[in-house]
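Fold and geometry: a report
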Amino acid sequence: QVQLVESGGGLVQAGGSLRLSCAASGRTFSNYAMGWFRQAPGKEREFVAAISWNGGNTYYADSVKGRFTISRDNAKNTVYLQMNSLKPEDSAVYYCAAGLRGLDDNGPRVGPDYWGQGTQVTVSS
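This next bit is on the environment of S25. By the element assignment, S25 lies in strand β3 (residues 18–26). Placed 60 residues apart in sequence, S25 and S85 show a C-alpha to C-alpha distance of 31 Å. Ignoring anything within four residues of it in the chain, the contact list for S25 reads Q1, V2 and Q3.

Below is the structure:
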């Protein structure tokens, strides 16, 4: 089992920045590709970004390319999502995920195996 705990969400004005963190515990963190998903009210959960087990490959949804950056620190068992130039349409609950396979910019073909509880991001116009 892998436990994931997100932090860093909040309220920000359009054009601002936030950095989300996801702390993992349980099985070996560095074994897993990690990612972020989001879900806005009345919408399906959607892929945002992912990173390979060693950080060598990253993947982004078209809607966030050039604005969001995913990174990880395997020594700290933590994955990050730096979000810049935020827009009101970025408002959602953001979920950390572990165990993604078959990744491309559309997201994983398999997984994730584990989810965090989510953190709210609200961008005001």
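Still to come is the rest of the account.
The next subject is the nonpolar core. In terms of nonpolar packing, the biggest core is built from 38 residues, with L4, M34, W36, V79, L81, M83 and Y94 touching the most fellow members. Apart from the residues lying within four places of it in its own chain, the contact partners of Y94 are E6, L20, W36, F37, R38, V48, F68, L81, M83, G118, T119 and V121.

Under the criterion given, the structure shown has 6 salt bridges. For the salt bridge of R38 with D90, the shortest nitrogen-to-oxygen distance reads 2.9 Å. You can see R38 sitting in strand β4 (residues 34–39) and its partner D90 sitting in the loop between β8 (78–83) and β9 (92–98), a full 52 residues away along the chain. D90 matches R38 in its accessibility class, with the two residues each being buried. A salt bridge links R67 to D90, with the nearest nitrogen and oxygen atoms 2.7 Å apart. Placement of the pair is R67 in the loop between β6 (58–60) and β7 (68–73) and D90 in the loop between β8 and β9, with a sequence separation of 23 residues. D90 shares its class with R67; the two are buried. Residues joined by salt bridges that share partners form a network here, namely R38, E46, R67 and D90.

Definitions and cut-offs
Residues numbered from 1 in each chain as written. Predicted model: local features only at pLDDT ≥ 70, side-chain atom pairs only at ≥ 80, totals over all residues. Heavy atoms only, no water. Helix = DSSP H or I, 4+ residues; strand = E, 2+ residues; numbered from the N terminus. Contact = heavy atoms within 4.5 Å. Core = buried A, V, L, I, M, F, W, Y, C linked by side-chain atoms within 4.5 Å. Buried < 20%, exposed > 50% of the residue type's maximum accessible area, 1.4 Å probe, protein only. Salt bridge = Lys/Arg side-chain N within 4 Å of Asp/Glu carboxyl O.

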